[in-house]
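Okay, here's what each chain looks like letter by letter:
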Amino acid sequence: MSGRRWWILALLLALCVMARPAKAQQRREREPNSVYAERRAKLASQVDAPIILWGFTGREEVSQDYIFAQEENFYYLTGHNEEGAGLIVLPAAQNDRGTAAVASWNGPREILFLPPKDPGKEKWNGLRMSPSDPGIEARTGFASVKPFPEMRATVENLTKFHPAFFTILPYERELGGYPHEKAVVDWLQLAAPKATLKDVRSQIAAMRPIKSSGEIAFLKEAIDLSLDAQLEAMKMMRPGLYEYQVAARMVEVHALGGSETEGYAPIVGAGPNSTALHYDKLSRKIQDGDIVVLDVGAQYSGYSADITRTLPANGKFTARQREIYEIVLGAQNAALAAMKPGAHFSCKGKKDGLMNIAYDYINSHGRDRKGRPLGQYFIHGLGHHIGLNVHDPGDYCSPLQPGMVVTVEPGIYLPEENLGVRIEDDVLITESGHKLLSERLPRNPDEIEKIMADATKEAVHHAGSPAGNDPSPSGNEKGEEEIKSLITKYTQSVDDADTNLASQVWCNSPEASFIHPLGHEHGFEQIKENVYNKLMGGMFSERKLTAHDVSVQVLGDAAVAEFYWDFVAKFRKDGSPISTHGRETQVYRKTSDGWRLVHVHYSGMPVTTGRQGF
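This report concerns the structure included in the present document. Treat the numbers as computed from the prediction; the structure is a model and nothing was measured.

On to helix H13 (residues 354-363), then. An α-helix turns once per 3.6 residues; consequently, residues spaced three or four apart project the same way. Of the residues making up H13, those classed as buried are Leu-354, Met-355, Ala-358 and Ile-362. For H13, the angular spread of the buried residues around the axis is 105°, confining them to a single face. The secondary structure elements touched by the buried residues of H13 are helix H12 (319-337) and strand E14 (411-414).

So, on to helix H17 (residues 524-539). With 16 residues, H17 should reach 22 Å at 1.5 Å per residue; the first-to-last C-alpha distance of 19 Å falls well below that figure. Most pronounced at Asn-533, the bend in H17 amounts to some 25°. By the burial criterion, the buried members of H17 are Phe-524, Ile-527, Val-531, Tyr-532, Leu-535 and Met-536.

This brings us to the pairing of strand E21 (residues 558-571). Taken together, the 13 bridges between strand E20 (residues 540-555) and E21 define a ladder with antiparallel strand orientation. Bridge assignment links Val-554 to a residue of E21, and that residue is Ala-559. Adjacent in sequence and paired antiparallel, E20 and E21 are bridged by two residues, among which Gly-556 carries a positive phi angle near 70°. Taken together, the 13 bridges between E21 and strand E22 (residues 577-591) define a ladder with antiparallel strand orientation.

Pairing is antiparallel in the open sheet, where three strands are placed in the order E8-E9-E12. Sheet topology places strand E8 (267-270) and strand E12 (308-312) at the edges, where each strand pairs with a single neighbour. Averaged over all adjacent pairs, the angle separating strand axes in this sheet is 15°, with direction ignored. Sheet analysis places strand E9 (residues 291-295) next to E12, joined by five bridges and oriented antiparallel. Bridge pairing in E12 places Asp-295 opposite Thr-308. Contacting E9 and E12, helix H10 (residues 213-236) runs over the sheet at an angle of about 10° to E12. Across the sheet, helix H11 (residues 243-256) touches E8 and E9, and the angle it forms with E8 is around 150°.

This brings us to the state of the cysteines. Applying the stated criterion across every chain yields a total of one disulfide. With its sulfur 1.8 Å from that of its partner, Cys-347 forms a disulfide with Cys-397. The S-S bond linking Cys-347 to Cys-397 shows a torsion near 110°; that makes this disulfide right-handed. With a gap of 50 residues between them, Cys-347 in the loop between H12 and H13 and Cys-397 in the loop between H13 and strand E13 (405-408) connect regions that are remote in the sequence.

A complete count under the given rule lists 11 aromatic pairs for this structure. Measuring from ring centre to ring centre gives 6.3 Å for Phe-218 and Tyr-300, while their planes differ by 45°; the resulting arrangement is tilted. Separated by 82 residues along the polypeptide, Phe-218 in helix H10 and Tyr-300 in strand E10 (residues 298-300) bring together distant segments of the chain. Summarising the burial analysis for this pair, Phe-218 and Tyr-300 share the class buried. The interplanar angle of 15° and the centroid separation of 5.2 Å between the aromatic rings of Tyr-242 and Tyr-244 together place this pair among those described as stacked. By relative accessible area, Tyr-242 is classed as partly exposed at 25%. A cation sits over an aromatic face here: Arg-27 above Tyr-75, 4.9 Å from the ring centre. Here the basic side chain of Arg-39 rests over the ring of Tyr-76, its NZ or CZ set 4.2 Å away from the ring centre.

Throughout the structure, instances matching the rule amount to 34 salt bridges. Arg-39 is the salt-bridge partner of Glu-215, the closest N and O atoms lying 3.4 Å from each other. Here Glu-215 is found in helix H10, whereas its partner Arg-39 is found in helix H2 (residues 33-44), with 176 residues between them in sequence. We classify Glu-215 as buried; its relative accessible area is 2%. Among the salt bridges present, the one from Glu-562 reaches Lys-285, with a minimum N-O distance of 2.8 Å. Highlighted residues: Glu-562 in strand E21 and Lys-285 in the loop between E8 and E9, separated in sequence by 277 residues. Residue Glu-562 is classed as buried on the basis of its relative accessible area, which comes to 13%. For Lys-285, a relative accessible area of 10% gives the class buried.

Each value, and the rule that gives it
Residues numbered from 1 in each chain as written. Predicted model: local features only at pLDDT ≥ 70, side-chain atom pairs only at ≥ 80, totals over all residues. Heavy atoms only, no water. Buried < 20%, exposed > 50% of the residue type's maximum accessible area, 1.4 Å probe, protein only. Helix = DSSP H or I, 4+ residues; strand = E, 2+ residues; numbered from the N terminus. Arc of directions from axis to C-beta. Contact = heavy atoms within 4.5 Å. Expected span 1.5 Å × (residues − 1). Bend = angle between axes of the 7 residues up to and from the residue. Pairing = 2+ DSSP bridges. Axes fitted to C-alpha atoms, helices over the stretch in contact; angles between N-to-C directions. Disulfide = S-S within 2.5 Å. Phe/Tyr/Trp six-rings, centres within 6.5 Å; stacked < 30°, edge-to-face > 60°. Lys NZ or Arg CZ within 6 Å of the ring centre and 35° of its normal. Salt bridge = Lys/Arg side-chain N within 4 Å of Asp/Glu carboxyl O.

Written out as structure tokens, the structure is:
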């Protein structure tokens, strides 16, 4: 290759390297500049004074894991996703009011302010757009791009022509609302102390519900990623997993598909946590028999999905879980059937809203344990708008219009039954009705159970195969069932004080294999003497040990079982009753003649009735 060709190739490579980082700080995808320009023009036609806005400064959060994301309204008008930017938009020239001021001002009608070039900072954080970049006007879609420090002088100059400015005023006068909003107002009051400040929040909020074709495309991407994640959760769900493990898998699916982050903190609530609407601790180990609510939505190019499904942890709804699930599904279907342009979510004093339809369905189907209607357990609204925020601006009483994208999410939450069910889908309002954007994700309980059952069969098929890359131990179902059977024997051996039956369960280990919360440690011979003979056989005349919420994890030739237990008995001496409750962890080892219990740890044995026991 000639020297000239080498030089040209090197130049092209350098240009590629220089160009890519400059765009890396922006959204991976954005709408054309013309779309943002049209929004600014529409907004300018509604005001009679200049609009002054800041983007986020990047100093709103000091956490080391903070990743910058632009203030929503600023992004909606500019498509700019870097810190430290400002915006000035003058009212449209055709406005009747302020004509003299418009005529007197000979500067640009729109100005984007960006931080000046900072090579030192870019060495640490990568290249950023700056007002001195070649072609910056074409890249941003603004005819005028200036350094941010010049913004104050521009505002001061505008005060000669305009006695008022529009900005986003803090929504709380006393406390100041969001700090960013207060910071902009404080800055404006220093730059233009005599100017009247007016709120432009409502004008922008009125524009955002109707989505452009680009916004709908981004929402569809976010929704599709969320559906993929929900399907993965259905396939991996089983007792013994922690809530955070399910959430982690869903987040992984989002990230691999191109999502920047989630639209909100993932919600995976099992059992009692299924009844907490915005539960985010994700710390519970999922138990056999739990119902699990998964409310997890991906964000794509700044736009957030919002999808919820409710699953049976073990792959099969109980009769009561299915009853409540089908009531929620019926309420959702009833609301969807009425969803079209002109319908509204909820209006005070009106009974024809979609919320009323869903509530009435829930309240007329099913009962709680005390025989009362279920309407009181539908404790939130039916839906909301989604977009740049998972709760995008939108009036619940305003008629739905084509181009809006909203959620439909009825729910029933029964804390006394540890049973919460929510089904949430994302819906595009069309000219003739609506389109269910999340239709690909099953809602029917039979379909959900089938997906979960098929996944279990597939895992069993691949268990132990080198080609199988499923890390879950679902293929060890046989071992799990054997251990559950041993737990049944274990409880029976306690009931009967039967050391022969116990010996079939325990491995005759001389090591410390039984740990009592008071510090007692016993090998099996001591367990037979102290626990079975003296305690169960000698102290109590009647005994009943019940295990519930049993979970088993099989890991090769070892397994861990956890369950809660209730123990009731009568003392031989006087027949007085005792009732205790606690949690037990058991470790099993696989031997040549099957699984054997090698270790037990009691985490607590509080006495709840009767006199103090052991």
